[in-house]
Amino acid sequence: MRLTIGFFLAGFVYAQAPMKALHPRVEKIVEEVSAERVGASMRRLESFGTRNLFSSLTDAKRGVGAAARWIKEELASYSPRLQVRIDEHDVKKAGRVIRDVKLWNVVAVLPGTTQKDRQVLITGHYDSLHIVRKKVGELERMDQEATVAADAPGVSDDASGTAAVMELARVLSQYEFEKTLVFVAFSGEEYGLVGSGLYARRAAAEKATIDAVLNNDIIGNELAGNGRTAGAAVRVFSEDPIDSPSRTLARYVKEIGERYVPSMRVDLVFRADRFGRGGDHTPFDRAGFPAVRFTTTAEFYANQHSATDTFANASPAYTAKVARLNAAVAAALAWAPPPPDVLTKSKSVITGLETVGPNLSRGKSGYDALLKWKEQGDVTDLAGFAVVWRESVSPYWQKEFWVGPGKEFRLADVSIDDIVLGVKAVDKEGNESPVAVYRIVPRLVP
Ligand SMILES: [Zn+2]
């Protein structure tokens, strides 16, 4: 019962931790995700024949341009508060880009209120690819022109992710969030992560504050080519190292996603992506932003980049389940306070240089774990902080201590060298920030 927030005992106030509470608005958002709408978008995206990066931008019915215009119009119809635009780039012929091309990312921004400079991105790619091969001597090569001309339904890869992004834009734009939500349908993924690469590079140059990139790519089917099914699980990939921003976000996705969508299992995979494959989360990770990839556990390899990646071979009900996980994570995160600042500056007495390191020490005794942190931002609904703990070899946080509004915490006779510690900020409704981890900052000078 949340009615008993705090009671008095011998002059002390014990505030009950709001952690693990189910936020009714987040629950409602999860329920509002419609499998019918997700399916209708997947079918509509298939109907453009192809969405190949080099297909027509001007044809009214067929090609990447018609698809982009439809996505833009749909997004704009959801709410007048969504700022929808085509993010256009002139891309020069280079590498896998076979000729100069205009690339259109479709972007919808839902501006935040009290933390509008912090962004949460929900992304997928709407371009598609059907690789057509030709014989060149003894070898089979990709026939570039035939590939551009061919039908490329690309429903699981990645009309599914695009449909999820669109459905989340529809549902979430009926609410007001503290942080800014950005919904992006990237283009040029199939020719080397071109659209996301350009977007991430610009975000880094602008020093944008991106709290999360939730990238959805191949979330359209739950049946693998060998008959294996996995309708109640999804993989979430995150790049190393073990406490990287992306890995920290992945743990958050599992914790919050499974809390609100308990019928789904989030299988974290501790690597950037599948072998030999890439995705639009990677340029963000490389730029230092926390970014993860959702992908079905049961990939159907023969359908990918082929004429059979169709709606008939897809499962919109499954896509909607993955969209619900995204919805819970994005909503909770967009209402959550910023993570605490766990860094502290110090000046070297020898060199005079200022260095930054974790605000963590062994305390007065020399044998304790003494954690200190600072609050970030100006949060009006903060309830307090929670300290988390895990063994250095454990993938997930194992212990949690509610601190309340204090800014330090001491664990007696606990070695800071042997465990990993972090702290998160929690608001009065139970929305949690991602964990700020006390990490060893590599020294430049040995
Ligand atoms: Zn893809």
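Residues numbered from 1 in each chain as written. Predicted model: local features only at pLDDT ≥ 70, side-chain atom pairs only at ≥ 80, totals over all residues.

In terms of helices and strands, the protein chain carries nine helices and 21 strands. Taking 2.2 N^0.38 as the reference for a compact globule, 446 residues should give roughly 22 Å; the C-alpha atoms of the protein chain span a radius of gyration of 23 Å, in line with that estimate. In terms of principal-axis extent, the alpha carbons of the protein chain reach across some 80 × 55 × 40 Å. In the protein chain, which comprises 446 residues, the proportion classed as buried is 46%. Within the protein chain, contacts between residues separated by at least 24 positions form 75% of all contacts whose residues are at least 6 apart in sequence. (Helix = DSSP H or I, 4+ residues; strand = E, 2+ residues; numbered from the N terminus. Rg over C-alpha atoms; globule rule 2.2 N^0.38 Å. Buried ≥ 20, exposed ≤ 12 C-beta atoms within 10 Å, placed from the backbone. Contact = placed C-beta atoms within 7 Å.)

With that out of the way, let us pick up the domain arrangement of the protein chain. By domain assignment, the protein chain separates into domain 1 (24-335) and domain 2 (343-437). The gap between the C-alpha centroids of domain 1 and domain 2 is 34 Å. Contacts between the two partners involve 10 residues from domain 1, matched on the other side by 11 residues from domain 2. Of all the secondary-structure elements, those providing two or more residues to the side of domain 1 that touches domain 2 are helix H7 (245-260) and helix H9 (316-335). Among the elements that line the side of domain 1 that touches domain 2, the one with the most residues is H7, at four residues. Of the residues that constitute the side of domain 1 that touches domain 2, the class distribution is five nonpolar, three polar and two charged. (Domains from an automatic or database assignment. Nonpolar A, V, L, I, M, F, W, Y, C, P; charged D, E, K, R; others polar.)

On to the sheet that holds strand E4 (residues 101-110). If you walk across this open sheet you meet the eight strands as E3-E4-E8-E5-E9-E12-E10-E11, and the pairing is mixed. Edge positions in the sheet fall to strand E3 (83-91) and strand E11 (265-269), since each has one partner strand and no second. In this sheet, adjacent strand axes meet at a mean angle of 25 degrees when their direction is disregarded. The pairing of strand E5 (residues 115-125) with strand E9 (residues 209-216) spans six bridges and is classified as parallel. Its bridge partner lying in E9, Gln119 is registered against Ile210. Strands E3, E4, strand E8 (179-186) and E9 of the sheet are contacted by helix H6 (residues 194-205), whose axis makes an angle of about 60 degrees with E4. (Pairing = 2+ DSSP bridges. Axes fitted to C-alpha atoms, helices over the stretch in contact; angles between N-to-C directions.)

Moving on to the environment of Val106. Summarising the element assignment, Val106 is placed in strand E4. Considered as a pair, Val106 and Lys72 are 34 residues apart in the sequence and their alpha carbons are 6.4 Å apart.

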